[in-house]
Structures are given as C-alpha cells and as structure tokens.
Amino acid sequence: MVDVILGLQWGDEGKGKIVDFFAPRYDLIARFQGGPNAGHTLYVNDKKIVLHQIPSGIFHEKTTNLIGNGVVLDPVTLKRECNSVAAFGVDYRKNLYISQRAHLILPTHRALDKASETSKGHEKIGSTLKGIGPAYMDKTGRNGLRVGDLLDKSFTTQYIKLRLKHQKLLDGLNFHEDISEWEEEFFEALEFMRSFKIVNGEYFINERISQGKKVLAEGAQGSMLDVDFGTFPFVTSSNTISAGVCSGLGVAPQLIRDVIGVSKAYCTRVGSGPFPTELEDETGEELRKTGSEFGATTGRPRRCGWIDLVALKFACMINGVTKIVMTKADVLDAFKELKVCTAYEVNGQKTTEVPFQMSRLPIVPVLESFEGWKSDITSLKNYNNLPARMKEYVDFINKFLGVKVAFISNGPGRDQLIENL
Ligand code: GDP
Ligand code: IMO
Ligand code: MG
C-alpha cells in the first residue's frame, strides 16, 4: 500500500511539514521525482531545517527513507544536506537508501541550466539553476549517468565523454565560466556517495509492500509545475503528479491508496509564468509579509495571490486526490476580506477549465468574496473551535472541489495541524 503527499499548486505548499507530521504512520518515505530544486521546510525541536533531496521522514528513527529512481540527484547538495541532518543528531547512514537508477546531476548540467536561462533573456523560466532541466534531458535523451554507474570502473570515461558533449553545447551558448571548482566538489561528493546504501529501488520498495509495510511517496514541486499538465513551458522537467509515483518508484498503480493533496489557503508561485490570481498590489505584499513568502531554495520573493479553485480542481482531477490538506490558513487571520477564484474569463468568455496555453492568454479571474475571520487560529487544536467564517470558507472550497479539506495547518510547527473529522 502506497499513499502519496503532493503539491496541488506551484510548489511550496508546505509538503515538507505535512510529510514530517505523517511520517510516524509509515515505514518508508520515498521521493519519486525532482531534485535539489525542491526546498522542504521542517521544524525539528523548534529548529528549522530545509531538505532538498532527502525525504522528509529522515527525522523519525523508525522510518526508512528512499531517494527513488525518478529523482535527479546532485551529489554535492546531498553531501551538504547529510551534514546538516547529522547536526540534528540523525544517523543518515542508517535510514537513507538511494536507487541505483536515479540520474546524477553533473556540474555541467548546472552550467547548462544557467546558460540556457541566460540565452532566453526575459523569457526565462526562472529555474532554480540546479541543473534539473539538463539532467532530465540527458535522461530522456539516453545520455545520463546514474547512481549505479558510480560503482562501475568505466564511470570516469563515461563522465569525460558526457562532459565533452556538454562543453560543445556550452560553447554554443557562449558560456565560458570556469567550473573546475564545481567539478572538484563533485568528485569529492561522489566518493562520499559510493559508501551509501545504493539499492535496486523497485525491488526494495515492492518487497516491503508485499510484507505489509506502509509507504508514503513524497512529491516535490506542485501539479501546476508538472511537465505535461502544468503551465508549460513555465514548468519543471518531471511529472510531479501522482502518475509520477509509478514511474518514479517502480510501483504499480493499483498499489496507490490515498492521494493527499497539499494546498495553501491562498496561492504562491516563484519564478516566471502565468498566475491568474496574482496580486501585484498591497494585498499581495501583505500575503508575502505575513506568510514569509520567500523561496526555501533560492530566497527569491514568492509571487502571491488568492486561492485558484479552477487550477485546484484540475489538480484534484489529474492526481485523483482523495484528501486535501490546507496549509498556512493562519496567514489569512488578519485579512478583512478574502477572495477565491471560481472561473477564468478569457476574451469575454467564462470557463472553468484550465486552458491549454495559459501564458499567451489574457486570463481574468472571476472572484468570489468572503468576509475574513479576523482572529488568531494558531493555537487552536479542534476543528469545531475554528471561527464560523473560516468554516464557511473551507466548506465553500470543499463543495467546489468535491474533495474534503481533511486537515488544516495553522502554523509552521509540527503540532499545528487540525483534523476535520
Ligand atoms: P514545501 O516545498 O511544499 O515543503 O514548502 P516550503 O517549505 O518551501 O514552504 C512552506 C513554508 O511555509 C515553510 O516556511 C513552512 O515552515 C511554512 N509553513 C508550513 N505550513 C505552515 C502553516 O500552516 N502556517 C504557516 N504560517 N507557515 C507554514
Ligand atoms: P518545492 O518542492 C516552488 C519552479 C522554479 C521555476 C520552475 C522550473 O519546494 O515545492 P527548475 O529548477 O525545476 O528548472 O525550475 O519551477 N520550482 C519550484 N517552485 N517550489 C519548488 O519545489 C520548485 N522547484 C522548481 O522556480 O519557476
Ligand atoms: Mg519548497
């Protein structure tokens, strides 16, 4: 049995906190896509930590963690991350496994990401510059190097061959920065990785499932950044939706049970691309300030706006969401008026469908207004004690989506999660 926790918006919905909360109910937590573009924030003993590639179950002693085949892995970031979890007293060598089929991000992938973004000018994706796109291109282009290759004698030869190929591409893009320091770090980190538990991820996970163990798949990014269904081309390069769990871990679709979708009570996006409910005014600024909306990976200010139920309903459909966790509800505590987007108006026509091409269309959000609840919910523990106006807001969302908001997160802390029974 596999449950999934994934983001329903444009990333940063608070997935890390939610996975950390549910982790004690599972035997194995597995990342199935993405790489160090992710930044999942957790509070452990009131201290903040941001995880990029290590699954968010790492702080629970009894939970095994797997970096699955669908992930693109940067050894340098991994080494750094391992050191930071070790500072919390975690023995990562005991509970962290890596699939041999996961692809490696090379220093030249990072360089290619940067060169590609620079060449796009004002049309850039707003990538995190971690080498994600180029690494996935080498995977689908059948050139990439995988974690399992590290254990092969031919690794260095293969590396040199791929590096030469990348150099030609970099020359074509006029990229002439010296990356020898990145390479030095990279080779040091490869040594570190060779001593890891590198496994056949697909057998590892399926054996545990057949023994009755419970698996939780942890998504990175969000559904609107999915390479197929997101706001293409302003997306990431992997399948962030529940279908990605099957290909990113090697589990069959009928093994998937709950798909828990995480959504903020409002909406944010970092990087370029369409965002119909974006607020480029004081209200947007207030959301950013109150919600501390700055990227966990890059520190960039996040764009903020009202919750977009058109996009959320679409995300529920393509993921088969069974339960919703609404995060950062407390950020709306002081707002007098709240709005939710229930349709898009495109060239005078109303639609409740996400259009094929969002970036070239003038989308005007159709908004419904709600009175704010104007009270502090951060210490509440029980759904019944939530302000009535907040319940109205949540009920409206429940009805619109046809999926229950089963949990409400009312603060960044581990214990700030209210169940809606
Ligand atoms: P992720 O990438 O989906 O794991 O999310 P991030 O960690 O990038 O961003 C979520 C941010 O919101 C982090 O700083 C969390 O500590 C914080 N956070 C999560 N849930 C809540 C919540 O319910 N309320 C508040 N105020 N902050 C939250
Ligand atoms: P988590 O897991 C928010 C965005 C980038 C950019 C686009 C492509 O923390 O939710 P990439 O580096 O993948 O080539 O960037 O996707 N992006 C994210 N935005 N949260 C993330 O991860 C993201 N990972 C990538 O800002 O717009
Ligand atoms: Mg994040």
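If you're wondering where the values come from, they're calculated on a predicted model, not measured in any experiment.

Calculation notes
Residues numbered from 1 in each chain as written. Chains lettered and ligands numbered in written order. Predicted model: local features only at pLDDT ≥ 70, side-chain atom pairs only at ≥ 80, totals over all residues. Heavy atoms only, no water. Helix = DSSP H or I, 4+ residues; strand = E, 2+ residues; numbered from the N terminus. Rg over C-alpha atoms; globule rule 2.2 N^0.38 Å. Buried < 20%, exposed > 50% of the residue type's maximum accessible area, 1.4 Å probe, protein only. Areas by Shrake-Rupley, 256 points an atom, 1.4 Å probe, with all protein chains shown as cover. Lys, Arg positive; Asp, Glu negative; His and termini not counted. Charge placed at Lys NZ, Arg CZ, Asp CG, Glu CD. Patch = residues over 30% accessible without salt bridge, like charges linked within 9 Å, V, L, I, M, F, W, Y side chains within 5 Å. Salt bridge = Lys/Arg side-chain N within 4 Å of Asp/Glu carboxyl O. Pairing = 2+ DSSP bridges. Axes fitted to C-alpha atoms, helices over the stretch in contact; angles between N-to-C directions. Contact = heavy atoms within 4.5 Å. Parallel < 35°, antiparallel > 145°, perpendicular 65-115°, else oblique. Left-handed = near helix turned anticlockwise from the far one by under 90°. Domains from an automatic or database assignment. Buried area = accessible area lost by both parts, 1.4 Å probe. Donors = N, O, S within 2.8 Å, 3.2 Å for Na, K, Ca; no water. Core = buried A, V, L, I, M, F, W, Y, C linked by side-chain atoms within 4.5 Å. Near = heavy atom within 4 Å. Polar contact = N/O pair within 3.5 Å; in protein donor to acceptor, adjacent residues only side chain to side chain. Nonpolar A, V, L, I, M, F, W, Y, C, P; charged D, E, K, R; others polar. Expected span 1.5 Å × (residues − 1). Phe/Tyr/Trp six-rings, centres within 6.5 Å; stacked < 30°, edge-to-face > 60°. Lys NZ or Arg CZ within 6 Å of the ring centre and 35° of its normal.

(A) Representation of the overall build of the protein chain in the model. A tally of regular secondary structure across the protein chain gives 12 helices and 20 strands. Compactness check: the protein chain gives a C-alpha radius of gyration of 21 Å against a globular reference of 22 Å for 421 residues, within 12% of the reference. Each principal axis of the C-alpha atoms in the protein chain carries an extent, and together these give about 65 × 50 × 40 Å. Burial status across the protein chain gives 57% buried among its 421 residues. Accessible area of the protein chain: about 18,100 Å², with a carbon and sulfur share of 50%. If you average the places of the 52 positive and of the 51 negative side-chain charges in the protein chain, the two averages end up 3 Å apart.

(B) Representation of a negative patch on the surface within the structure. Taken together, the side chains of Asp178, Glu181, Glu184 and Glu188 define an acidic patch exposed on the protein surface. By the element assignment, Asp178 lies in the loop between α6 (155-172) and α7 (180-194).

(C) Highlighting the sheet that holds strand β9 (residues 197-199). Spatial strand order, β9-β7-β5-β2-β10-β1-β11-β15-β19-β20: 10 strands in an open sheet with mixed pairing. Only two strands of the sheet have a single partner each, and these edge strands are β9 and β20 (417-419). Along the sheet, successive strands turn relative to each other by an average axial angle of 25 degrees, direction set aside. Summarising the sheet, strand β2 (residues 28-31) and strand β5 (residues 64-67) pair through four bridges and their orientation is parallel. By the bridge assignment, Ile29 is partnered in β5 with Asn65. Lying over the sheet, helix α12 (residues 388-401) contacts β15 (323-327) and β19 (405-409), oriented at roughly 140 degrees with respect to β19.

(D) Up close: the packing of helix α2 (residues 75-86) against α7. Viewed as axis vectors pointing N to C, α2 and α7 meet at an angle of 60 degrees, and their least axial separation amounts to 8 Å. Accordingly, the angle class assigned to the pair α2 and α7 is oblique. α7 is crossed by α2, and the crossing has left-handed handedness. For the pair α2 and α7, contact is made by Pro75, Val76, Leu78, Lys79, Arg80 and Cys82 and by Glu185, Phe186, Glu188, Ala189, Leu190, Phe192 and Met193, respectively.

(E) Highlighting the domain arrangement of the protein chain. Entries for the protein chain in the domain assignment read domain 1 (2-100 + 198-259), domain 2 (103-193) and domain 3 (263-419). Placing a centre on the C-alpha atoms of domain 1 and another on those of domain 2 gives a separation of 23 Å. Taken together, the 29 residues of domain 1 in the interface contact 25 residues of domain 2. Contact with domain 2 buries surface across domain 1, with Val72, Pro75 and Ile198 losing the most and accounting together for 26% of the total.

(F) Seen up close, the packing of helix α4 (residues 107-120) against α7. α7 packs onto α4 with a crossing angle of 140 degrees between their chain directions and a minimal axis gap of 9 Å. Of the possible angle classes, the one that applies to α4 and α7 is oblique. Judged by residue contacts, Pro107, Arg110 and Ala111 of α4 engage Trp182, Glu183 and Phe186 from α7.

(G) Inspection of the pattern of salt bridges at higher detail. Applying the stated rule across the entire model yields 18 salt bridges. A salt bridge links Glu202 to Arg101, with the nearest nitrogen and oxygen atoms 2.9 Å apart. Here Glu202, found in helix α8 (residues 201-210), pairs with Arg101, found in the loop between β7 (96-99) and β8 (103-104); they are 101 residues apart in sequence, far enough to count as distant. In this structure Glu202 comes out as buried when scored by relative accessible area, which is 15%. With its nearest N and O atoms 2.6 Å apart, the salt bridge here joins Glu293 to Arg302.

(H) Seen up close, the coordination of the magnesium ion (ligand 3). Within the first shell, the magnesium ion (ligand 3) binds the protein through Asp12 (OD) and Gly39 (O), at distances of 2.1 to 2.2 Å. On the criterion of sequence distance, the pair formed by Asp12 in the loop between β1 (2-7) and α1 (15-22) and Gly39 in the loop between β2 and β3 (40-44) is long-range, its members being 27 residues apart.

(I) Up close: the nonpolar core. Of all hydrophobic cores here, the largest spans 55 residues; its most connected members are Leu66, Ile205, Val245, Leu249, Leu332 and Tyr393. Top contributing element to this core by residue count: α12, with five residues. If you count residues domain by domain, this core takes at least three from each of domain 1 (2-100 + 198-259) and domain 3 (263-419).

(J) Highlighting the site of ligand 1. Every one of the 19 residues lining ligand 1 counts as a neighbour, but Lys15, Gly39, Thr41, Asp330 and Ser409 are closest to it. Between ligand 1 and Arg302, the relevant distance is 3.1 Å, taken from an oxygen atom to a side-chain nitrogen or oxygen of the residue. Between ligand 1 and Ser409 there is a distance of 2.5 Å, counted from an oxygen atom to a side-chain nitrogen or oxygen. Relative to its unbound accessible area of 580 Å², ligand 1 is 92% covered by the protein chains. Looking at the shell around ligand 1, the elements that each hand over two or more residues are α1 and β3.

(K) Broad picture of the site of ligand 2. As a matter of local geometry, ligand 2 sits amid 20 residues, with Asp12, Lys15, His40, Thr128 and Thr236 nearest to it. Within the backbone of Asp12, one N or O atom sits 2.8 Å away from an oxygen atom of ligand 2. Coverage of ligand 2 by the protein chains reaches 97% of its 550 Å² of free accessible surface. Looking at the shell around ligand 2 residue by residue, the classes come out as seven nonpolar, 10 polar and three charged.

(L) Looking closely at α4. Under the 1.5 Å per step criterion, the end-to-end length of α4 is 20 Å for 14 residues, consistent within 8% with the ideal 20 Å. If you check which residues of α4 are buried, you get Pro107, Thr108, His109, Ala111, Leu112, Asp113, Ala115 and Glu117. Taken together, the buried residues of α4 touch β8, α5 (132-140), α6 and α7. Two residues or fewer past α4, Gly121 is found with a positive phi of approximately 60 degrees.

(M) Focus on the packing of aromatic side chains. Under the counting rule described, the total for this entry stands at 16 aromatic pairs. Every member of this aromatic cluster is reached through a ring pair, and the members are Phe370, Trp373, Tyr393, Phe396 and Phe400. The ring of Trp182 has Arg110 lying over it, and the distance from NZ or CZ to the ring centre is 4.2 Å. Positioned above the aromatic ring of Phe155, the side-chain terminus of Arg194 is 5.9 Å from the ring centre.

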